[in-house]
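Coordinate inspection notes
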Amino acid sequence: MAQLSILRYPDPRLHTVAKPVAVVDDRIRRLADDMAEIMYAAEGVGLAATQVDVHERLIVMDTSEARDHLVVLINPQIIWRSDEMRVAEEGCLSVPQIYDKVERHASVKVQALGRDGETFEMHALDLAAVCVQHEMDHLLGKVFVEYLSALKRDRIRTKMIKKTRDEMRDA
Ligand code: NI
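Okay, so let's go over this structure. In every chain, residue numbers begin from 1 and rise along the written sequence. Given that this is a predicted model, residues contribute local features only at a pLDDT of at least 70 and side-chain atom pairs are listed and counted only at 80 or more, while totals for whole chains, interfaces and linings are drawn from all residues. The side-chain figures draw on all heavy atoms in the structure; neither hydrogens nor water molecules are used.

1. Some words on the packing of aromatic side chains
Describing an aromatic ring pair means giving the distance of the ring centres and the angle of the ring planes. Applied cut-off: Ring pairs are drawn from Phe, Tyr and Trp, using the six-membered ring of Trp, whenever the two centres fall within 6.5 Å, and their geometry is named by plane angle: stacked under 30 degrees, edge-to-face over 60, tilted for the rest. Whether a charge sits over a ring comes down to the Lys NZ or Arg CZ being within 6 Å of the ring centre and within 35 degrees of the ring normal.
For the structure shown, the criterion picks out 0 aromatic pairs. One residue, Lys-109, lies across the ring of Trp-80, its end atom 5.6 Å from the ring centre.

Next comes the structure, spelled out in structure tokens:
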């Protein structure tokens, strides 16, 4: 198993702004593979490097039903956003067991480098659109709970601190 663990909200490191990946080399490919392993093990649909305390612009995601379509996005950029907005329920591996509604663009086009270092474009719809916008927020140091009201966010923060403390005690 990869030697990476997922930072949990409200860890301040989740608010770090990631730097661009300078070169897509074996180190980056290994990181992408390790992140994919963690994402699948945790049954998540996406994971940003920020969440494993690596502050470089790298995302892995798989929104396929069969969980057999891994997408690696390095230095992703949104090149088009739909005017149409959509509200969907989101969760996050850094905020376990918390789900709430967030409004985002219904579809986006993203340009990125793949695992092979080649540029590609992805037109993301539905869950993939939600996922890629959510993960790209992570690279900017933003967690989805920051879209919620201050009251909800404070409740989540308190809940997460308690949960982490309880788990440490029970460990
Ligand atoms: Ni997340």
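Having seen the structure, we can now continue with the description.
2. Focus: the coordination of the nickel ion
Heads up, the rule is: In this description, a donor is an N, O or S atom within 2.8 Å of the metal centre, a cutoff extended to 3.2 Å for sodium, potassium and calcium. Water is not part of the atom list, which can make sites seem incomplete. The secondary structure listing takes helices from DSSP runs of H or I that are at least 4 residues long and strands from runs of E that are at least 2 residues long, numbered from the N terminus. Relative accessible area decides the class of each residue, using a 1.4 Å probe on protein chains only: under 20% of the type maximum gives buried, over 50% gives exposed, and in between gives partly exposed.
Taken together, the protein ligands of the nickel ion are Cys-92 (SG), His-134 (NE2) and His-138 (NE2), with distances of 2.1 to 2.2 Å. Counting residues between consecutive donors of the nickel ion along the chain gives the motif C-x41-H-x3-H. In this pair, His-134 and His-138 both sit in helix α2 (residues 126-139), 4 residues apart, roughly one turn of the helix. The exposure class of His-138 is buried, given its relative accessible area of 0%.

3. Topic: the sheet that holds strand β2 (residues 58-61)
The strands making up a sheet associate through hydrogen bonds between their backbones, and the pairing can be parallel or antiparallel. This is how the line gets drawn: When DSSP finds at least two bridges between two strands, those strands are taken to pair. Axis geometry follows a simple rule: fit a line to the C-alpha atoms, using only the stretch in contact for helices, then measure angles between N-to-C directions, giving values from 0 to 180 degrees. Residues are treated as being in contact if the distance between any of their heavy atoms lies within 4.5 Å.
Strand order in this open sheet of 5 strands is β1-β2-β3-β6-β7, and the pairing throughout is antiparallel. Of all strands in the sheet, those with a lone pairing partner are β1 (46-48) and β7 (119-125), marking the two edges. On average, adjacent strands in this sheet sit at an angle of 40° to one another, irrespective of strand direction. Inspection of the sheet shows strand β3 (residues 71-81) paired to strand β6 (residues 107-113) by 5 bridges, in the antiparallel sense. If you follow Arg-81 over to β6, its bridge partner there is Val-108. The strands that helix α1 (residues 26-41) touches are β1, β2 and β3; relative to β2, the one it contacts most, it runs at about 40°. On top of the sheet, α2 reaches β1, β2, β3, β6 and β7; it is set at about 120° to β7, its chief contact.

4. Focus: unusual backbone geometry
Outside of glycine, negative phi angles account for most residues, and trans bonds account for most peptide bonds. Tyr-9 connects to Pro-10 through a cis peptide bond whose omega is 5°. By the element assignment, Pro-10 lies in the segment before α1. Of note, Arg-67 is a non-glycine position whose phi angle comes to about 60°, a positive value. The residue Arg-67 is located in the loop between β2 and β3 in this model. In this model, Gln-97 sits at a positive phi of 65°, which is unusual for a non-glycine residue. With respect to the helices and strands, Gln-97 occurs in strand β5 (residues 95-105). The exposed category is assigned to Gln-97, whose relative accessible area is 59%.

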